[in-house]
Amino acid sequence: MQCDICAIGCEVFEGGQGICGKYTLQAGHMVEIYPDRYLMICPISIETMPMLHFYPGGRFLQISTTGCNLDCPGCVSTVLVKEMSHNSAAMQHMSPEQIVAEAVANNCLGIAFLMNDPLASFHTFLRVAKCAREHHLLVGCSSNGYFSEASLEQIVPYLDFINIGLKGFDDASYRRCGAPLIQPVLENLRKLHERGVHIEVSCMSDKNNKQALLNLAHYLADISGDLPLLIMRYIPLEQASPDLEISIRESEEVQKEIQGILKYVYLFNSPGCDGLNSLCPSCKTMLYQRDFYGPMGAKLRTRPDELLESNVCPVCSCSINFRGTSRREAYQEKAFQGGYPFTRALEMLEAMLLAMGMHDRRQVSVVWEDILVNQRLEELHHDIQRLPSYLDTLLHCGEIAGCQEQARELANYIRSRMEIVKEVKNESGFGSRPRVYYAMGKPLFCIKGERMENQLVEAAGGHSVNRELEIDGRPGARISAEQLMALNPEVIFISAFISSSVDNFITACREDDIDVEALRTGRIYCHPAAGWDFGSPRWILGLMHISNMLFPNSNRFDIMAEAKEFYHRFYDLEFDPVSINRSFGKPHIQWQWQQSADLITGNK
Ligand code: SF4
């Protein structure tokens, strides 16, 4: 029988499964194998979904399961769509009524299915949507939009909002993800619009797909020039090639060009830029100001009070395409909650285990389950930001995974290098603590003081000026040029996760009229490879690099030799910076799990 849940239409035999591994044929009916099981249930602000034009700042209950109907290279949700077992002990069993009760208890406006595709848990989502509608809650999701005609017809009456993530604008882009054609998504977009569902469209931007984005923008404009387009600057993860990574600067140019086609165009994954803000399409008054809030996420910062009452520009009275008015206060998520930071948390644990030589997904899952079942995400968030507690967490993970010896070897290596860094710091004398600023992306995105990057600066003997500011964002917030100039750093580091070249960084400083000592003396640095300052035990390489840059007279470490040794000892790989992307976990684009038939329980 042909499965009619998504437009791939797998042929499924009695007792068999389709390619997503989430449904089976039983007595002539497609049934969900793992219904009513969730990996994540938590309140979020809707911009983390992301969704920018729907009840701005509104609180919704996020629900996420596991699995996906597509298989896209470099997926940001890989840990939960491909690696977490569908019947993991970490899954929470909740009936639709319990989910709705949870949303009501948390004062949520509605329920949003995100992080993995609702098509992977369609019957569960449909039941939740029906129950939510009975209780007057709003319902939405992030989806690849690959609904079959039948499933779209079933869900549309209960759907208020949807973020459709396009994989490109041609069949080849869909074939790379395991689907034959783009057409079902394009047809569904039109149908959803005609049926009055609030739609926002996401599409990734890389070095090669500008024309595809322009074509998409024209297609959307033909449906409605009011449709918001969310451009996701490509972050190369998993096996995705780092060669396609487009700079923030280039992405801003693409955004500008598309703004000539559509009224509302946004740029994500580009901290410090203006690309997430909403201007009035008519008089260009600033309406909503937003910050980068982790991968694929945004956070509402400010908006005029008039937008609490109506969706009309307070200056020119032009009507703006927002559904529902803004909330007074945006909800503040707890640690690792609200969209993709949860996947980053799982990846950071994976990163520790991979550096212990793990190649078995089951051992990684055991650690994930320990953290999730024991509700230790808050504690993890605290512990991974501080060097001593990072090592304790690493040893704890090694113990749970049954690789204590490898964990000890890694911890001992890190401690030995930290000792040398401390020696350099002590030799430099207390009077010579350079003032160091840590930026992410563009110069004005200040990484929050308590974060790991600033701890590395202090461990190396610098004075972190980021700590002088009260920053409440995640992983920081945009500051003003005046604030940065008042800090007047002598040295600047650019994050190794969301980065910029030093040249682009300097150009951006000049455009913002920033004049600080680090700029005058040329002491602005990127790390030699991604993953060297957060998210992976490779931060020890970043710490040594920071030490060298802060105290060039000492220049104690041969950084490339250290990186080679680290890769040999802990990954059994050659260190090759061009094959390293921005994954926390996977140290190299060719890195692979051990293949074994019994490895995967229930996953494809
Ligand atoms: S929902 Fe799963 S089984 Fe059904 S057609 Fe899509 S991929 Fe195949």
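About the cut-offs
- Residues numbered from 1 in each chain as written.
- Predicted model: local features only at pLDDT ≥ 70, side-chain atom pairs only at ≥ 80, totals over all residues.
- Heavy atoms only, no water.
- Helix = DSSP H or I, 4+ residues; strand = E, 2+ residues; numbered from the N terminus.
- Rg over C-alpha atoms; globule rule 2.2 N^0.38 Å.
- Buried < 20%, exposed > 50% of the residue type's maximum accessible area, 1.4 Å probe, protein only.
- Areas by Shrake-Rupley, 256 points an atom, 1.4 Å probe, with all protein chains shown as cover.
- Lys, Arg positive; Asp, Glu negative; His and termini not counted.
- Charge placed at Lys NZ, Arg CZ, Asp CG, Glu CD.
- Near = heavy atom within 4 Å.
- 1 Å grid on protein atoms, 1.4 Å probe; cavity = no way out; pocket = protein on both sides within 12 Å on 5 of 7 lines; lining within 4 Å.
- Sits in = over half its atoms within 2 Å of the grid points.
- Nonpolar A, V, L, I, M, F, W, Y, C, P; charged D, E, K, R; others polar.
- Contact = heavy atoms within 4.5 Å.
- Polar contact = N/O pair within 3.5 Å; in protein donor to acceptor, adjacent residues only side chain to side chain.
- Points joined across faces, edges and corners; volume = space filled by probe spheres on them.
- Pairing = 2+ DSSP bridges.
- Axes fitted to C-alpha atoms, helices over the stretch in contact; angles between N-to-C directions.
- Parallel < 35°, antiparallel > 145°, perpendicular 65-115°, else oblique.
- Left-handed = near helix turned anticlockwise from the far one by under 90°.
- Core = buried A, V, L, I, M, F, W, Y, C linked by side-chain atoms within 4.5 Å.
- Phe/Tyr/Trp six-rings, centres within 6.5 Å; stacked < 30°, edge-to-face > 60°.
- Lys NZ or Arg CZ within 6 Å of the ring centre and 35° of its normal.
- Right-handed = clockwise from strand over helix to strand, strands pointing away.

**What to know about the overall build of the chain**
For step 1, the next point in the chain: Across its full length, the chain holds 19 helices and 21 strands.
For step 2, the next point in the chain: Over its C-alpha atoms the chain spans a radius of gyration of 24 Å, differing by no more than 12% from the 25 Å that the globule rule assigns to 604 residues.
For step 3, the next point in the chain: Seen through its C-alpha atoms, the chain measures out along the principal axes to roughly 75 × 65 × 45 Å.
For step 4, the next point in the chain: Split into buried and exposed, the 604 residues of the chain put 62% on the buried side.
For step 5, the next point in the chain: Element-wise, carbon and sulfur atoms account for 47% of the exposed surface of the chain, whose accessible area totals about 22200 Å².
For step 6, the next point in the chain: Charge separation in the chain, taken as the distance between the mean sites of 56 positive and 74 negative side-chain charges, equals 2 Å.

**Side note on the site of the ligand**
For step 1, the next point in the chain: Neighbouring residues of the ligand: Cys3, Ile5, Cys6, Gly9, Cys10, Gly18, Ile19, Cys20, Tyr23 and Asn69.
For step 2, the next point in the chain: When atom positions are compared with the pocket grids, the ligand is found to occupy the second largest cavity.
For step 3, the next point in the chain: Of the residues belonging to the shell around the ligand, the class tally is 7 nonpolar, 3 polar and no charged.

**Some points on the environment of Ser202**
For step 1, the next point in the chain: The residue Ser202 is located in strand S10 (residues 198–205) in this model.
For step 2, the next point in the chain: Considering only alpha carbons, one finds Ser202 and Met51, 151 residues apart in sequence, at a separation of 9.6 Å.
For step 3, the next point in the chain: With residues near it in sequence (within four places) discarded, Ser202 still touches Asn163, Ile164, Gly165, Leu166, Leu230 and Met232.
For step 4, the next point in the chain: Within the structure, Ser202 has its side chain in polar contact with the side chain of Asn163 (distance 2.8 Å).

**Section: empty space enclosed by the protein**
For step 1, the next point in the chain: Under the criterion given, the structure shown has 5 cavities of 30 Å³ or more.
For step 2, the next point in the chain: As a volume, the largest cavity reaches approximately 250 Å³.
For step 3, the next point in the chain: Pro341, Arg451, Arg474, Pro475 and Phe534 are, among the 18 residues lining the largest cavity, the residues nearest its centre.
For step 4, the next point in the chain: If one sorts the elements of the lining of the largest cavity by residue count, helix H9 (residues 341–354) sits on top with 3 residues.
For step 5, the next point in the chain: Within the lining of the largest cavity, the residues separate by chemical class into 10 nonpolar, 4 polar and 4 charged.
For step 6, the next point in the chain: Roughly 110 Å³ of volume is contained in the second largest cavity.
For step 7, the next point in the chain: Every residue lining the second largest cavity is counted, 14 residues in all, and those nearest its centre are Cys3, Cys6, Cys10, Cys20 and Tyr23.
For step 8, the next point in the chain: Split into classes, the residues belonging to the lining of the second largest cavity amount to 11 nonpolar, 3 polar and no charged.

**Comments concerning the side chain of Lys442**
For step 1, the next point in the chain: Residue position: Lys442 is located in the loop between strand S16 (435–439) and strand S17 (445–447).
For step 2, the next point in the chain: According to the relative accessible area criterion, Lys442 is buried, its value standing at 13%.
For step 3, the next point in the chain: Reaching out from Lys442, the side chain makes a polar contact with the side chain of Glu252 at a distance of 3.1 Å.
For step 4, the next point in the chain: If near-sequence neighbours (up to four positions away) are discounted, Lys442 is found in contact with Ile248, Glu252, Pro271, Gly272, Cys273, Ser500, Phe505 and Ala508.

**Topic: the sheet that holds strand S13 (residues 278–279)**
For step 1, the next point in the chain: Here we have 3 strands laid out as an open sheet, ordered S13-S14-S15, and antiparallel in their pairing. Lying at the two open borders of the sheet, with one neighbouring strand each, are S13 and strand S15 (298–302).
For step 2, the next point in the chain: Pairing of S13 with strand S14 (residues 286–292), which is carried by 2 bridges, proceeds in the antiparallel orientation. Across the sheet, Ser278 pairs through a bridge with Tyr288, a residue of S14.

**A few points about the packing of helix H6 (residues 183–194) against helix H7 (residues 210–223)**
For step 1, the next point in the chain: Orientation of H6 relative to H7, taken along the N-to-C sense of each, is 30°, at an axis distance of 10 Å. Taken together, the axis directions place H6 and H7 in an arrangement best described as roughly parallel. For the element pair H6 and H7, the recorded crossing hand is right-handed. In this structure, H6 uses Leu186, Glu187, Leu189, Arg190 and His193 to contact H7, whose residues at the interface are Tyr219, Leu220, Asp222 and Ile223.
For step 2, the next point in the chain: A breakdown of the residues in the contact of H6 with H7 according to their chemical character gives 5 nonpolar, 1 polar and 3 charged.

**As for the nonpolar core**
For step 1, the next point in the chain: Membership of the largest hydrophobic core comes to 115 residues, with the highest contact counts inside it found for Phe161, Leu377, Leu394, Trp539, Ile540 and Phe566.
For step 2, the next point in the chain: Top contributing element to this core by residue count: H9, with 9 residues.
For step 3, the next point in the chain: Residues Leu119, Ala132, Cys141 and Leu262 belong to the second largest nonpolar core, which totals 75 residues.

**What about the packing of aromatic side chains?**
For step 1, the next point in the chain: Per the stated rule, a full pass over the model turns up 23 aromatic pairs.
For step 2, the next point in the chain: A ring pair is formed by Phe54 and Phe60, whose centres lie 6.2 Å apart and whose planes are at 50°; its orientation type is tilted.
For step 3, the next point in the chain: Between Tyr390 and Trp539 the ring centres are 5.5 Å apart and the planes differ by 90°, which places this aromatic pair in the edge-to-face class. Placement of the pair is Tyr390 in helix H12 (residues 387–401) and Trp539 in helix H18 (residues 539–550), with a sequence separation of 149 residues.
For step 4, the next point in the chain: Taken together, the aromatic side chains of Tyr413, Trp532, Phe566, Tyr567, Phe570, Tyr571 and Phe575 make up a single cluster linked through ring pairs.
For step 5, the next point in the chain: Here the guanidinium or amino end of Arg451 rests over the ring plane of Phe534, the centre of that ring lying 4.0 Å away.

**Comments concerning the pairing of strand S8 (residues 138–143)**
For step 1, the next point in the chain: Of all 6 residues in S8, 6 are buried, a share of seventy percent or more.
For step 2, the next point in the chain: Here S8 shows no split at all, with Leu138, Gly140 and Ser142 on one side and Val139, Cys141 and Ser143 on the other all buried.
For step 3, the next point in the chain: Direction of pairing for strand S7 (residues 110–113) relative to S8: parallel, over a ladder of 4 bridges. Looking across to S8, one finds that Phe113 is bridged to Cys141.
For step 4, the next point in the chain: Once the chain exits S7 it traverses helix H3 (residues 122–134) before rejoining the sheet at S8, and the crossover so formed is right-handed.
For step 5, the next point in the chain: Of the pairings in the sheet, the one linking S8 to strand S9 (residues 161–166) comprises 4 bridges and is parallel in character. The residue bridging Ser143 from the neighbouring strand is Ile164, located in S9.
For step 6, the next point in the chain: Crossover S8 to S9 through helix H4 (residues 149–155) is right-handed.

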